[in-house]
Amino acid sequence: MSVLDWFANPSNWSGTDGIPTQMGFHLLYTGIALVIAAAIAIPLGVVVGYTGKGERLVAGSANALRALPTLGLLILLFLLISPVVPGQMVYVIPTIVVLVLLAVPPILAGTYTGIQSADPDAVGAARGMGYTKMQILWHVQLPCALPLLLSGIRSSTLQVISTATVAAYLGLQGLGRYIIDGRAQGDFFQMAGGAILVAALAFALEIAFTLLGTLVISPGLRRTSRRQRTPVPPAVGAIPRSAR
Amino acid sequence: MSTTITRRRLSIAFATTAAAALVLTGCAGQDALSSDGAAGSDGDTVIIGSADFTESQLIATIYSHALENAGIEVKEQFNIGSREVYMAALQDGSIDLLPEYSGALLKYLDTESKASTSEDVVTELTDALPDGVSMLDISPAEDKDILAVTQETADKYSLTTISDLEPHMAELSLGGPPEWKTRVNGVVGLEEVYGLTFKEFVSLDAGGPLTMTALTSGQVQVGDIFSTDPGLTANNLVALEDDKSLFAAENIVPVITTSKLDDTIETTLNAISAALTTEDLIAMNGEAATGTSLGSIADEWLADAGIN
């Protein structure tokens, strides 16, 4: 018996406890948490980056909330809302809250540093061309912020994907189910299988984000080689001094 | 310029020292992952283990304090996990002694067993125990897994026994520990003996706060609760009668590695087993639920029972 046997067993790939179903649930919880976190963090980050104010307060409190122990907070929330929330939501709400708390800080940091570090030459040029402040934000600063923003989302995804295993603690599905059930049943191959699947999923998402980056980020921003300061050739049609 | 170089050298030196200190603290001390088998088999130290729920730790604490008072060297290794995990630890020598529940242990070792009374369980268990492991006297104190429902659920479906669940099973969710999914004393047995396939099985904890809260708040309609849980009466829950005797008699019994057994240990543990009653367990569980330390509860019980 080994982990490979667990993977090779066809009954582990089908049914409500099968690997595809659990992966689907895992991605679902991750996706919901990331969407909510992005909806909170990106506007907040834009405001902080644009106005330049409140960076320490906002970033500091986001990071402090993240230091709350995930499992402890999960159980506390469950015990608190259990008398008032009916049905399945009582397991889902604490899980999503806990994952959102983890996901917000990287996206927030990525957004406001991205906006703040938008190339000032580009901003200046836009202002010179007569763009309004909102147009500058939307057409220049946000696209320039995209690499850092995407890297923030990427870092956040990685954390949420590996922590979403905690959903299984409250009886929900997801790849954590293999880890927790495997431990309880003494089936360590199941545990190892679950862990390997989480790592594989994280790896796949990393690759997906790299591809997304090449698609979405403007080529000018992607130029990572040293900027070659080639001398600008004189404008075509300029009359040479000697000929005047 | 020389001050800059000195400062650089100082910071490099400081960083190296800090890194080295971290590495050394990691190497020093006990390796947390190493099996305690080698350390435990030195002479007389008895390593006491327990499962991952309060009552098991409580009884293990009682054993631990009593044996220490009797002059035996003990080492505590509590909160290991479910039976599937700690039985492996017992057999490989990582732990030597732990409190067990006779019927549950029997059903784990021999899934075909049909014994249900205390005496039958003892007879079969003595044979079923693996080589090198022995059991001492059973205690009259019992703590069984029971299926509990709220008073409202019991009234709604007219439930008094587990069999009464069968016509309504498609509407009911069962809550229990993850190990129940594969256990005879769990989902597997409920299906074989009672023909019960619930709407869903929600993995929570072994008769702990998660299951209790889910049950009382209505997230699950049927929950695995321990019969000595003071929350049964406190939350007005109904314990369904096990009319087909799926869950056998669960007397507390010390299970110990045979090579570690000696007269002192045997006498002390048997005295504890004889003095322990189900009411004691309920009372102690109640105290533990209010936050009193297990050590003080154990000492109090030992003093009242007159042991050491």
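Residues numbered from 1 in each chain as written. Chains lettered and ligands numbered in written order. Predicted model: local features only at pLDDT ≥ 70, side-chain atom pairs only at ≥ 80, totals over all residues.

Right, let's talk about the overall build of chain A for a bit. Along the backbone of chain A there are 10 helices and zero strands. Tracing chain A from N to C terminus, the helices and strands come up as α-α-α-α-α-α-α-α-α-α. Its C-alpha atoms give chain A principal-axis dimensions of roughly 90 × 45 × 25 Å. Here chain A holds 244 residues, and 33% of them are scored as buried. A separation of at least 24 residues holds for 73% of the contacts in chain A among residues at least 6 apart in sequence. (Helix = DSSP H or I, 4+ residues; strand = E, 2+ residues; numbered from the N terminus. Buried ≥ 20, exposed ≤ 12 C-beta atoms within 10 Å, placed from the backbone. Contact = placed C-beta atoms within 7 Å.)

Now for the sheet that holds strand 9 (residues 237-239) of chain B. Residue and element names in this part refer to chain B. Spatial strand order, 7-6-8-5-9: five strands in an open sheet with mixed pairing. Of all the strands in the sheet, the pair left with one neighbour each is strand 7 (200-203) and strand 9. Neighbouring strand axes in the sheet, compared pairwise and without regard to direction, differ in orientation by 35° on average. In this sheet, strand 7 lies alongside strand 6 (residues 173-176) in parallel orientation, the contact comprising four bridges. (Pairing = 2+ DSSP bridges. Axes fitted to C-alpha atoms, helices over the stretch in contact; angles between N-to-C directions.)

If you look at the interface, chain B gives 20 residues, while chain A gives 14 residues. Elements represented by at least two residues in the side of chain B that touches chain A include exactly helix 4 (83-92), strand 7 and helix 9 (209-217) of chain B. For the side of chain B that touches chain A, the leading source of residues is helix 9 of chain B, giving five residues. Considering only residue class, the side of chain B that touches chain A consists of nine nonpolar, eight polar and three charged. (Nonpolar A, V, L, I, M, F, W, Y, C, P; charged D, E, K, R; others polar.)

Membership of the largest hydrophobic core comes to 123 residues, with the highest contact counts inside it found for Ala-33, Ala-37, Leu-99, Ala-103 and Ile-107 of chain A together with Ile-48 and Tyr-63 of chain B. For this core, the leading source of residues is helix 5 (residues 89-116) of chain A, giving 14 residues. Apart from the residues within four sequence positions on either side, Ala-33 of chain A is in contact with Ile-96, Leu-99, Val-100, Ala-103 and Val-160 of chain A. (Core = buried A, V, L, I, M, F, W, Y, C linked by C-beta atoms within 7 Å.)

Residues and elements named next belong to chain B. One non-glycine residue, Asn-236, lies in the positive phi region at around 60°. Inspection of the secondary structure puts Asn-236 in the loop between helix 10 (231-234) and strand 9. Here the phi dihedral of Ser-245 falls at roughly 50°; this positive angle occurs in a residue that is not glycine. As for its position among the elements, Ser-245 is in the loop between strand 9 and strand 10 (252-257).

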